[in-house]
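Breakdown of the fold
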Amino acid sequence: TYPNTACAKLKTMENQINSKQDPFGAIKVTEFRNLMIGRFLFIMGLRMMGTLVGWWIYELTKQPFAIGLIGLAEVIPAVSLALYAGHVIDISEKRKLLLRGVILYWICALGLLGLSIYNDKADHSANQNILIIAIGIYFIIFCTGVIRSFTGPSFGTIVGSIMPKHLLQNATTWSQGIWLSASILGHSIVGFIIAGFGHTGSLIVVVVLVSIGFIFISKINALPPHADIVVNQKPMESVKEGLRYVFNTKELLGALSLDLFAVLFGGAVAMIPVFAKDILNVGPIGFGWLNAAADIGAMLIIFVLTIFPVNKGQGKKLLIAVGGFGICIIVFALSKLFWISFAALVMSGILDGFSMIVRGTIVQLKTPDHMRGRVMSVNSMFINSSNELGQFESGVAAKLMGVIPSVVFGGSMTLLVVMTTWFKAPSLRKMEY
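Definitions and limits used
- Residues numbered from 1 in each chain as written.
- Predicted model: local features only at pLDDT ≥ 70, side-chain atom pairs only at ≥ 80, totals over all residues.
- Heavy atoms only, no water.
- Helix = DSSP H or I, 4+ residues; strand = E, 2+ residues; numbered from the N terminus.
- Buried < 20%, exposed > 50% of the residue type's maximum accessible area, 1.4 Å probe, protein only.
- Contact = heavy atoms within 4.5 Å.
- Disulfide = S-S within 2.5 Å.
- Core = buried A, V, L, I, M, F, W, Y, C linked by side-chain atoms within 4.5 Å.
- pLDDT = per-residue confidence, 0-100.
- Phe/Tyr/Trp six-rings, centres within 6.5 Å; stacked < 30°, edge-to-face > 60°.
- Lys NZ or Arg CZ within 6 Å of the ring centre and 35° of its normal.
- Salt bridge = Lys/Arg side-chain N within 4 Å of Asp/Glu carboxyl O.
- Axes fitted to C-alpha atoms, helices over the stretch in contact; angles between N-to-C directions.
- Parallel < 35°, antiparallel > 145°, perpendicular 65-115°, else oblique.
- Expected span 1.5 Å × (residues − 1).
- Bend = angle between axes of the 7 residues up to and from the residue.

**Side note on the side chain of Arg39**
Here Arg39 lies in helix α2 (residues 30-61). A relative accessible area of 13% places Arg39 in the buried class. Once residues lying within four places of it in the same chain are set aside, the contact partners of Arg39 are Phe155, Ser175, Trp179 and Ile217.

This is the structure:
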């Protein structure tokens, strides 16, 4: 017979083991569930908005480079403010900060809705009207970049704050799955809505989704700063502390760097409007499915990983997955058939989804609670902003090389990054958790 305290510890250990084995362990936590429902609706609305804007700009300008400028307009404020945003998140009540960001996104969606109404009435034969609409879109996207520098890291910070350590891997898998499910629906549904109801109808749906998402996020409890955080610490000192932690944690730095350069050069998704409209000739519905293809693949692998988590060799498998992603991008670039292009993007999503889970778990497990805002902001700089930088890189490369050669070049550079990392970062290759 064990003393009562020993029995309690044994019972706690037993519960933790059972939680790790339960694929629904994280989703049973009410706070996490409300956060994920709110995030699902919010991200679905944002993905619809992002997909619509890419199609809209290409319709207006007929220039692939104009699509790349969308990424640049968003990434400049997102990167510039990311480190400061991490400091603000750590010293703030996180629920309130996130809700403010959601409201501001809602206002931006209303701004695009107003532009869409103007667009429907404007004379498109007049270059001045096209210029006004395009500048308005770029300005609003710039504003969403400012907002995203705070909202993006806030979601990850809240997940780490409300979940016990033994459920973090499961929570990370669910969080990525929710994000990708929302992306799939947002990308694919907006193609149908554009075809049936135009830009205005699509943006009305976005406004409604963000509104309902706000309601669910507001149900989580207040999350004040962690007890270990120095609230009066100078912003620059706080930022340096977060950067030092990331750069001194080699596995974390290696995983983030790998994804940064892989996504930067492998951003074929940015050119999907061109492939759909001019190469594959599939129209807005096919465009929506091509946009959703990678997310469908990622969702499939995340479903598998929720039931069968990766238990060993995560670092080596991460590198192999990113290399396979680069090959899929090359196949997509060279394909002239819709089903091959769609299959290549689905496979790229499967491999990218695997890398997202491994990387996300590393970030959550390696980050102390009082530094989550700053580390998540650095993560946002490396990961989220790489998508927009990749979009800009794709636009520039398409202008210089042509669309198909530029995407082949991007996939080839992704393979080069993986090979370099394999030999130059042995600690990442050998990493396990």
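Let us keep going from here.
**Re the environment of Pro368**
Mapped onto the fold, Pro368 is located in the loop between α12 (338-366) and α13 (372-382). We classify Pro368 as partly exposed; its relative accessible area is 24%. Expressed as a C-alpha distance, the spacing of Pro368 and Ser161, which sit 207 residues apart in the sequence, is 9.9 Å.

**So, the state of the cysteines**
The tally for this structure, following the rule as stated, stands at zero disulfides. Among the cysteines around Cys143, which has no disulfide bond, Cys108 carries the closest sulfur, lying 5.2 Å off. Overall, the relative accessible area of 23% leaves Cys143 in the partly exposed class.

**Describing unusual backbone geometry**
Unusually for a residue other than glycine, Lys62 sits at a positive phi of about 60°. By the secondary structure assignment, Lys62 is in the loop between α2 and α3 (64-91). Although it is not a glycine, Asn281 sits at a positive phi angle of roughly 55°. Tracing the chain through its elements places Asn281 in the loop between α9 (272-279) and α10 (283-307). Overall, Asn281 belongs to the exposed group, its relative accessible area being 58%.

**Some thoughts on the nonpolar core**
Looking at soluble globular proteins, one finds that nonpolar side chains tend to be buried together. Counting 118 residues, the largest nonpolar core has Phe32, Leu35, Leu112, Ile137 and Met163 as its most contacted members. Looking at this core, the element that brings in the most residues is α2, giving 17 residues. Those residues in contact with Leu35 that lie beyond four places of it in its chain are Leu98, Phe155, Ile158, Val159, Ile162 and Ile220.

**With respect to the confidence of the model for the protein chain**
Chain-level statistics for the protein chain give a pLDDT mean of 81 and a share of 88% at 70 or above. Mean pLDDT across the elements of the protein chain ranges from a minimum in helix α1 (residues 4-21), with 49, to a maximum in helix α4 (residues 94-121), with 92. Residue range residues 9-14 is modelled with pLDDT below 50. Its contacts to residues more than four positions away, or to other chains, number one contact.

**Details of the packing of aromatic side chains**
The full count for this structure, using the stated rule, is seven aromatic pairs. With centroids separated by 5.2 Å and ring planes inclined at 75°, the aromatic side chains of Phe42 and Tyr105 adopt a geometry described as edge-to-face. Taken as a pair, Phe42 in helix α2 and Tyr105 in helix α4 lie far apart in primary sequence, 63 residues in all. There is no split in this pair, since Phe42 and Tyr105 are both buried. Between Phe338 and Phe342, the ring centres sit 6.1 Å apart and the planes meet at 20°, which makes this aromatic pair stacked. Here Phe342 and Phe338 lie together in helix α12, a separation of four residues that amounts to about one turn. Relative accessible area serves as the criterion here: at 32%, Phe338 is assigned to the partly exposed category. What makes Phe342 partly exposed here is its relative accessible area of 23%. Between Lys219 and the ring centre of Phe216, over which it is positioned, the NZ or CZ distance is 4.8 Å.

**Considerations on the pattern of salt bridges**
For the structure shown, the criterion picks out one salt bridge. The partner of Glu74 in a salt bridge is Arg148, and the shortest N-O contact between them spans 3.6 Å. Placement of Glu74 in helix α3 and of Arg148 in helix α5 (residues 127-162) is noted, with a sequence separation of 74 residues between them. Residue class for Arg148 comes out buried when judged on its relative accessible area of 13%.

**What about the packing of α2 against helix α6 (residues 168-217)?**
The contact between α2 and α6 brings their axes to 5 Å, and the two run at 40°. One way to sum up the angle between α2 and α6 is to call them oblique.

**Examining α3**
Because each turn of an α-helix spans 3.6 residues, side chains separated by three or four positions in sequence point in the same direction. Taking 1.5 Å per residue, 28 residues should reach 40 Å; α3 reaches 41 Å between its end C-alpha atoms and fits that length. Of all bends in α3, the biggest is about 50°, found at Ala82.

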